[in-house]
Amino acid sequence: LESGQESRFCRIHAHKFYLLAQALGSAIRVGQDFVDECLRVRSDPEGARMFLENFLLPVIRERHLLDYLVPVSCQYAVVLAYCGEETAARHTLGDMARFIVPGSHQEAEYLEQCNLVEQIATGQTTLEMLNNLLQP
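Remember, it's a predicted structure, so these values are computed and weren't measured experimentally. Sequence positions are assigned chain by chain, starting from 1 and proceeding in written order. Where totals are concerned, whole chains, interfaces and linings use all residues; where local detail is concerned, this predicted model gives features only for residues with pLDDT of at least 70, and gives and counts side-chain atom pairs only at 80 or more. Side-chain measures here rest on the full set of heavy atoms in the structure, leaving out hydrogens and waters.

Mind showing me how you'd approach the overall build of the chain here?
Counting from the N terminus, the helices are the DSSP runs of H or I reaching at least four residues and the strands are the DSSP runs of E reaching at least two. Counting secondary structure elements, the chain contains 7 helices and 0 strands. Going residue by residue from the N terminus, the α and β elements of the chain occur as α-α-α-α-α-α-α. With the radius of gyration taken over C-alpha atoms, the globule rule is written as 2.2 Å times the number of residues to the power 0.38. Here the C-alpha radius of gyration of the chain, 15 Å, is about what a compact globule of 136 residues would show, namely 14 Å. Seen along its three principal axes, the alpha-carbon backbone of the chain occupies a region of about 40 × 40 × 25 Å. Note on contacts: a residue pair qualifies if any of its non-hydrogen atoms lie within 4.5 Å across the two residues. Expressed as a percentage of contacts within the chain between residues at least 6 apart in sequence, the contacts between residues at least 24 apart total 58%. Accessible area for the chain stands at about 8,000 Å²; split by element, carbon and sulfur atoms hold 53% of it. Separation of charge centres in the chain, based on 11 positive and 18 negative side chains, amounts to 6 Å. All accessible areas in this document rest on Shrake-Rupley with a 1.4 Å probe, and a residue is counted as covered only by the protein chains that are shown. Residues scored as positive are Lys and Arg, those scored as negative are Asp and Glu, and His as well as the terminal groups of each chain are ignored. A single reference atom marks each charge: NZ on Lys, CZ on Arg, CG on Asp, CD on Glu.

This is the structure we're talking about:
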């Protein structure tokens, strides 16, 4: 699905399969891919938010998957910003700050997501702009 076409429900089915197989890392990664697809291909931040709130974040919390807490929460913050919830997005990022190791790759990703949330909040970045960048 590198071509930018939507997977329909393939990623959702893969997510469920990985959960059943207890391949939790794969379930989270394919779930994150689905969230990205909701934003980039479908321009559906509300659908991305629903999936994160009802599926990905609960799995991370219930299974104590701490390795995925920061990246998925940062992705959630970006989705919140696209949904017009900039205050909640900033709050989510603030909650994650205490888990960031200075000088790490994770810190660089975290700072990138913080910057993206601010760009969305100030109107410098929109889903339309993102999608235009991805067009051939």
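I'm lost on the pattern of salt bridges in this one. Help?
Between side chains of opposite charge, pairing is possible as soon as their charged atoms come close. Every case where a carboxyl oxygen of Asp or Glu lies within 4 Å of a side-chain nitrogen of Lys or Arg is listed as a salt bridge. What the rule picks out here adds up to 4 salt bridges. Measuring nitrogen to oxygen at the nearest pair gives 3.0 Å for the salt bridge that ties Arg42 to Glu37. On the basis of relative accessible area, Arg42 is assigned to the partly exposed category, the value being 25%. The partner of Arg49 in a salt bridge is Glu53, with the nearest N and O atoms 2.9 Å apart. Highlighted residues: Arg49 and Glu53, both in helix H3 (residues 45–62), separated by 4 residues, approximately one helical turn. It is possible to trace a salt-bridge network through shared partners that takes in Arg11, Glu37 and Arg42. Buried means the residue's accessible area, taken with a 1.4 Å probe over protein chains only, is under 20% of the maximum for its type, while exposed means over 50%, and partly exposed covers the values in between.

What am I meant to see in helix H2 (residues 24–40) here?
The α-helix winds at 3.6 residues per turn, so residues separated by three or four positions along the chain end up facing the same way. Over its 17 residues, H2 extends 24 Å from the first C-alpha to the last, a length consistent with the 24 Å expected when each residue adds 1.5 Å. H2 sits mainly inside the fold: 12 of its 17 residues count as buried. Restricting attention to buried positions, one finds in H2 the residues Leu24, Gly25, Ala27, Ile28, Val30, Gly31, Gln32, Phe34, Val35, Glu37, Cys38 and Leu39. Here a helix's expected span is defined as the number of its residues, less one, multiplied by 1.5 Å.

How do you make sense of the nonpolar core when you look at a structure like this?
Across soluble globular proteins, nonpolar side chains show a tendency to be buried alongside one another. In this text, buried Ala, Val, Leu, Ile, Met, Phe, Trp, Tyr and Cys residues form a nonpolar core when linked through side-chain atoms within 4.5 Å. Among the nonpolar cores identified, the biggest contains 38 residues, and Ile28 and Val72 are the most heavily contacted of them. A total of 12 residues in this core trace back to one element, the largest contributor, which is helix H4 (residues 66–82). For Ile28, the contacting residues outside a window of four places in its chain are Leu56, Val59, Ile60, Leu65, Tyr68 and Val72.

Help me understand the packing of aromatic side chains, please; the structure alone is not making it clear to me.
Two measures describe an aromatic ring pair: the distance that separates the ring centres and the angle between the ring planes. Only Phe, Tyr and Trp rings are paired, with Trp represented by its six-membered ring, and only when their centres lie within 6.5 Å; those with planes under 30 degrees apart are stacked, over 60 edge-to-face, the remainder tilted. Evaluation of the coordinates by the stated rule reveals 3 aromatic pairs. Taking 5.9 Å as the distance between ring centres and 55° as the angle between the ring planes, the aromatic pair formed by Phe17 and Tyr18 counts as tilted. A relative accessible area of 52% means that Phe17 is categorised as exposed. The class for Tyr18 is partly exposed, based on a relative accessible area of 28%.

Please explain the packing of H3 against H4 as it appears in this structure.
The description of two packed helices rests on the angle between their axes and on the distance between the axes. Structural elements are reduced to axes, namely lines fitted to C-alpha atoms, with helices fitted over the stretch in contact, and the angle between N-to-C directions of any two is expressed from 0 to 180 degrees. At their nearest, the axes of H3 and H4 sit 10 Å apart, and the two run at 160° to each other. The pairing of H3 with H4 is recorded here as roughly antiparallel in orientation. Seen from above, H3 lies across H4 with left-handed handedness. Of H4, the residues touching H3 (which contributes Pro45, Ala48, Arg49, Leu52, Glu53, Leu56, Leu57 and Ile60) are Tyr68, Leu69, Val72, Ser73, Gln75, Tyr76, Val79, Leu80 and Tyr82. Each residue is assigned to one of three groups, with Ala, Val, Leu, Ile, Met, Phe, Trp, Tyr, Cys and Pro labelled nonpolar, Asp, Glu, Lys and Arg labelled charged, and all others, Gly among them, labelled polar. In the contact of H3 with H4, the residues fall into 13 nonpolar, 2 polar and 2 charged. Throughout this description, any angle smaller than 35 degrees is read as roughly parallel, any larger than 145 degrees as roughly antiparallel, any in the 65 to 115 degree range as roughly perpendicular, and the remainder as oblique. Each crossing gets its hand from how the near helix is turned against the far one by less than a right angle, where anticlockwise is left-handed and clockwise is right-handed.

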